[in-house]
Amino acid sequence: QVQLVESGGGLVQPGGSLRLSCAASGSFFRITIMGWYRQAPGNQREVVATITSGGSTNYADSVKGRFTISRDKNTVYVQMNSLKPEDTAVYYCNAILDRGLGLRNYWGQGTQVTVSS
């Protein structure tokens, strides 16, 4: 069984910062890509940032210059600075893992980020 365990969400004032973490555990050989997605009430789930096994990163235009994604072994992080109220959403960790039997997609349970004064 593979699990993605997220942490770091919470309430922060506009202009503040949060760091989200997502740890992948279980039986797998390699992480091919990990990323963060978010979904606000009434909105579709959207990609925030991704990072490949080679270290290539991509960001949504709305977060470029403010968010930074990184990975350390089996844990992916997103450092979120200069937060805005429109960043309020449930943030989901995503990973595509190689278990030696092909690739498989996994999702975390989500962590709430609220940006409000």
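Our subject is the structure that appears above.
Residues numbered from 1 in each chain as written. Predicted model: local features only at pLDDT ≥ 70, side-chain atom pairs only at ≥ 80, totals over all residues. Heavy atoms only, no water.

## Let's talk about the packing of aromatic side chains
All told, the structure shown has 1 aromatic pair when counted by the stated rule. The cationic tip of Arg-45 hangs over the ring face of Tyr-92; the distance from NZ or CZ to the ring centre is 3.7 Å. Note that Arg-45 overlies the ring of Trp-107, its terminal NZ or CZ placed 4.7 Å from the centroid. (Phe/Tyr/Trp six-rings, centres within 6.5 Å; stacked < 30°, edge-to-face > 60°. Lys NZ or Arg CZ within 6 Å of the ring centre and 35° of its normal.)

## Notes on the sheet that holds strand 1 (residues 3–7)
Taken together, 4 strands build an open sheet; the order of strands is 1-3-8-7 and the sheet is antiparallel. In this open sheet, the two edge strands, each paired with only one partner strand, are strand 1 and strand 7 (67–72). When strand polarity is set aside, the average angle formed by the axes of neighbouring strands in this sheet is 15 degrees. Looking at chain direction, strand 7 and strand 8 (residues 75–80) are connected through 6 bridges and run antiparallel. Its bridge partner being in strand 8, Arg-71 is matched across the sheet by Val-76. (Pairing = 2+ DSSP bridges. Helix = DSSP H or I, 4+ residues; strand = E, 2+ residues; numbered from the N terminus. Axes fitted to C-alpha atoms, helices over the stretch in contact; angles between N-to-C directions.)

## Section: the nonpolar core
If you look at the biggest cluster of nonpolar residues, it comprises 31 residues, and the most contacted ones within it are Met-34, Trp-36, Phe-67, Val-76, Met-80 and Tyr-91. Contributions of two or more residues to this core are made by strand 3 (18–25), strand 4 (30–39), strand 5 (46–52), strand 7, strand 8, strand 9 (89–98) and strand 11 (111–115). Considering each element in turn, this core owes the most residues, 5 residues, to strand 9. Other than its neighbours up to four places away in sequence, Val-76 contacts Leu-20, Ser-21, Cys-22, Met-34, Trp-36, Ile-51, Ile-69, Ser-70, Arg-71 and Cys-93. (Core = buried A, V, L, I, M, F, W, Y, C linked by side-chain atoms within 4.5 Å. Buried < 20%, exposed > 50% of the residue type's maximum accessible area, 1.4 Å probe, protein only. Contact = heavy atoms within 4.5 Å.)

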